[in-house]
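So the chains spell out like this:
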Amino acid sequence: VQLQACGGGLVQPGGSLRLSCAASGSIFWINVMGWYRQVLGKQRELVATIARSGSSKYQDSVKGRFTISRDNAKNTVYLQMNSLKPEDTAVYYCNVENLEPLGTRAYWGQGTEVTVSS
(Lines give C-alpha, C1' and ligand atoms only; values in the text may rest on other atoms or scores of the structure.)
Protein backbone atom coordinates (compact mmCIF):
# COMPACT_ATOMS: atom_id res chain seq x y z
CA VAL A 1 0.00 0.00 0.00
CA GLN A 2 1.34 3.42 -0.94
CA LEU A 3 0.24 6.65 0.71
CA GLN A 4 0.54 10.02 -1.00
CA ALA A 5 0.08 12.99 1.31
CA CYS A 6 -0.14 16.59 0.29
CA GLY A 7 -1.44 19.95 1.43
CA GLY A 8 1.26 21.15 3.79
CA GLY A 9 2.87 24.55 3.60
CA LEU A 10 3.53 27.84 5.33
CA VAL A 11 0.59 29.62 6.94
CA GLN A 12 0.18 32.51 9.34
CA PRO A 13 -1.18 31.96 12.85
CA GLY A 14 -4.95 31.77 12.70
CA GLY A 15 -4.89 30.45 9.16
CA SER A 16 -6.10 27.17 7.71
CA LEU A 17 -4.72 24.27 5.76
CA ARG A 18 -6.22 21.06 4.44
CA LEU A 19 -4.14 17.93 4.27
CA SER A 20 -5.09 14.94 2.18
CA CYS A 21 -3.66 11.45 1.92
CA ALA A 22 -4.63 8.95 -0.75
CA ALA A 23 -3.95 5.23 -0.41
CA SER A 24 -3.31 3.00 -3.40
CA GLY A 25 -1.98 -0.45 -4.17
CA SER A 26 -2.98 -3.74 -2.51
CA ILE A 27 -5.88 -2.41 -0.50
CA PHE A 28 -8.09 -5.07 1.07
CA TRP A 29 -10.05 -3.25 3.73
CA ILE A 30 -8.83 -0.06 5.33
CA ASN A 31 -10.13 0.24 8.86
CA VAL A 32 -8.58 3.12 10.77
CA MET A 33 -7.02 6.11 9.00
CA GLY A 34 -5.19 8.79 10.88
CA TRP A 35 -2.83 11.70 11.07
CA TYR A 36 0.22 11.99 13.28
CA ARG A 37 2.80 14.72 13.61
CA GLN A 38 6.40 14.96 14.65
CA VAL A 39 8.68 17.79 15.62
CA LEU A 40 12.41 17.31 15.22
CA GLY A 41 13.79 15.73 18.36
CA LYS A 42 10.42 14.68 19.70
CA GLN A 43 8.29 11.58 19.44
CA ARG A 44 5.65 11.25 16.80
CA GLU A 45 2.24 11.99 18.29
CA LEU A 46 -1.30 11.20 17.31
CA VAL A 47 -3.34 14.09 15.96
CA ALA A 48 -6.58 12.41 14.93
CA THR A 49 -7.94 9.09 13.76
CA ILE A 50 -11.11 8.04 12.03
CA ALA A 51 -12.59 4.57 11.73
CA ARG A 52 -14.36 3.29 8.67
CA SER A 53 -17.63 3.86 10.51
CA GLY A 54 -16.79 7.55 10.81
CA SER A 55 -16.02 7.48 14.50
CA SER A 56 -13.15 9.87 15.22
CA LYS A 57 -10.70 10.72 17.99
CA TYR A 58 -8.59 13.82 18.49
CA GLN A 59 -5.62 14.92 20.53
CA ASP A 60 -6.89 17.39 23.13
CA SER A 61 -4.83 20.28 21.78
CA VAL A 62 -6.53 20.17 18.36
CA LYS A 63 -10.12 19.54 19.42
CA GLY A 64 -12.43 22.17 18.01
CA ARG A 65 -9.83 23.33 15.50
CA PHE A 66 -9.04 20.26 13.39
CA THR A 67 -11.49 17.98 11.62
CA ILE A 68 -10.62 14.58 10.22
CA SER A 69 -12.73 13.04 7.48
CA ARG A 70 -12.43 10.29 4.91
CA ASP A 71 -13.77 9.17 1.56
CA ASN A 72 -13.90 5.38 1.59
CA ALA A 73 -14.56 5.18 -2.15
CA LYS A 74 -11.33 7.07 -2.82
CA ASN A 75 -9.36 5.56 0.09
CA THR A 76 -8.48 9.08 1.11
CA VAL A 77 -8.26 10.76 4.48
CA TYR A 78 -8.36 14.50 5.05
CA LEU A 79 -7.38 16.81 7.88
CA GLN A 80 -8.92 20.26 7.90
CA MET A 81 -6.84 22.46 10.18
CA ASN A 82 -8.28 25.78 11.27
CA SER A 83 -7.09 28.42 13.74
CA LEU A 84 -3.56 27.17 13.35
CA LYS A 85 -1.02 27.98 16.04
CA PRO A 86 2.79 28.07 15.92
CA GLU A 87 2.82 24.96 18.10
CA ASP A 88 1.07 23.07 15.29
CA THR A 89 4.28 23.35 13.27
CA ALA A 90 5.47 19.83 12.49
CA VAL A 91 5.77 17.20 9.82
CA TYR A 92 2.41 15.52 9.46
CA TYR A 93 2.19 11.85 8.57
CA CYS A 94 -0.83 9.87 7.49
CA ASN A 95 -1.33 6.31 8.63
CA VAL A 96 -3.72 3.58 7.56
CA GLU A 97 -4.50 0.12 8.90
CA ASN A 98 -5.08 -2.35 6.09
CA LEU A 99 -6.83 -5.59 7.00
CA GLU A 100 -4.81 -8.09 4.91
CA PRO A 101 -5.20 -11.89 4.66
CA LEU A 102 -2.38 -12.44 7.17
CA GLY A 103 -3.55 -9.73 9.56
CA THR A 104 -3.69 -6.00 10.02
CA ARG A 105 -0.76 -4.01 8.71
CA ALA A 106 -0.07 -0.33 9.22
CA TYR A 107 1.36 1.93 6.53
CA TRP A 108 2.83 5.43 6.76
CA GLY A 109 2.88 8.27 4.26
CA GLN A 110 6.02 10.24 3.46
CA GLY A 111 5.08 13.24 5.58
CA THR A 112 4.05 16.74 4.66
CA GLU A 113 5.49 19.76 6.43
CA VAL A 114 3.28 22.34 8.09
CA THR A 115 4.81 25.60 9.28
CA VAL A 116 2.75 28.13 11.20
CA SER A 117 4.61 31.41 11.43
CA SER A 118 4.13 35.10 10.88
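Details of the structure are given in the entry above.
Here's what I pulled together on the structure shown here. (Residues numbered from 1 in each chain as written. Predicted model: local features only at pLDDT ≥ 70, side-chain atom pairs only at ≥ 80, totals over all residues. Heavy atoms only, no water.)

**Here we look at the side chain of Asn98**
Next, step 1: With respect to the helices and strands, the residue Asn98 is situated in strand 9 (residues 90–100).
Next, step 2: In terms of polar contacts, Asn98 uses its side chain to reach the backbone carbonyl oxygen of Ser26, at 3.0 Å.
Next, step 3: In terms of polar contacts, Asn98 uses its side chain to reach the backbone amide nitrogen of Trp29, at 3.3 Å.
Next, step 4: If sequence neighbours within four positions are ignored, Asn98 has contacts with Val1, Ser26, Ile27, Phe28, Trp29, Ile30, Gly103, Thr104, Arg105 and Tyr107. (Helix = DSSP H or I, 4+ residues; strand = E, 2+ residues; numbered from the N terminus. Polar contact = N/O pair within 3.5 Å; in protein donor to acceptor, adjacent residues only side chain to side chain. Contact = heavy atoms within 4.5 Å.)

**Side note on the side chain of Asn95**
Next, step 1: With respect to the element layout, Asn95 can be found in strand 9.
Next, step 2: Polar contacts involving the side chain of Asn95 include one to the main-chain carbonyl oxygen of Tyr107, which spans 3.4 Å.
Next, step 3: Beyond its immediate sequence surroundings of up to four residues, Asn95 is in contact with Leu3, Val32, Met33, Gly34, Tyr36, Ala106, Tyr107 and Trp108.

**Some remarks on the pairing of strand 1 (residues 2–6)**
Next, step 1: Going residue by residue along strand 1, you find Leu3 and Ala5 tucked away on one face and Gln2, Gln4 and Cys6 left uncovered on the opposite face.
Next, step 2: In this sheet, strand 3 (residues 17–24) lies alongside strand 1 in antiparallel orientation, the contact comprising five bridges. In the sheet register, Ala5 faces strand 3, and the bridge partner there is Cys21. (Buried < 20%, exposed > 50% of the residue type's maximum accessible area, 1.4 Å probe, protein only. Pairing = 2+ DSSP bridges.)

**A few points about the packing of aromatic side chains**
Next, step 1: Under the defined criterion, the tally for this structure stands at one aromatic pair.
Next, step 2: A centroid spacing of 5.0 Å and a plane angle of 70° characterise the contact between Tyr36 and Trp108, whose relative ring orientation is edge-to-face. Of this pair, Tyr36 sits in strand 4 (residues 30–38) while Trp108 sits in strand 10 (residues 103–108); the two residues are 72 residues apart in sequence, bridging distant segments of the chain.
Next, step 3: We classify Trp108 as partly exposed; its relative accessible area is 40%.
Next, step 4: The ring of Tyr78 has Arg18 lying over it, and the distance from NZ or CZ to the ring centre is 4.1 Å. (Phe/Tyr/Trp six-rings, centres within 6.5 Å; stacked < 30°, edge-to-face > 60°. Lys NZ or Arg CZ within 6 Å of the ring centre and 35° of its normal.)

**Topic: the pattern of salt bridges**
Next, step 1: Applying the stated criterion across every chain, the model contains four salt bridges.
Next, step 2: Here Arg37 and Asp88 are joined by a salt bridge, their closest N and O atoms 3.0 Å apart. Within this pair, whereas Arg37 is found in strand 4, its partner Asp88 is found in the loop between strand 8 (76–81) and strand 9, the two being separated by 51 residues in sequence.
Next, step 3: Using a relative accessible area of 5% as the deciding quantity, one classes Arg37 as buried.
Next, step 4: Look at Asp88 and you get buried, because its relative accessible area is 1%.
Next, step 5: As a salt-bridge pair, Asp60 and Lys63 come within 3.0 Å of each other at their nearest N and O atoms.
Next, step 6: Salt bridges here are not isolated pairs; linked through shared partners, they connect Arg37, Glu45, Arg65 and Asp88. (Salt bridge = Lys/Arg side-chain N within 4 Å of Asp/Glu carboxyl O.)

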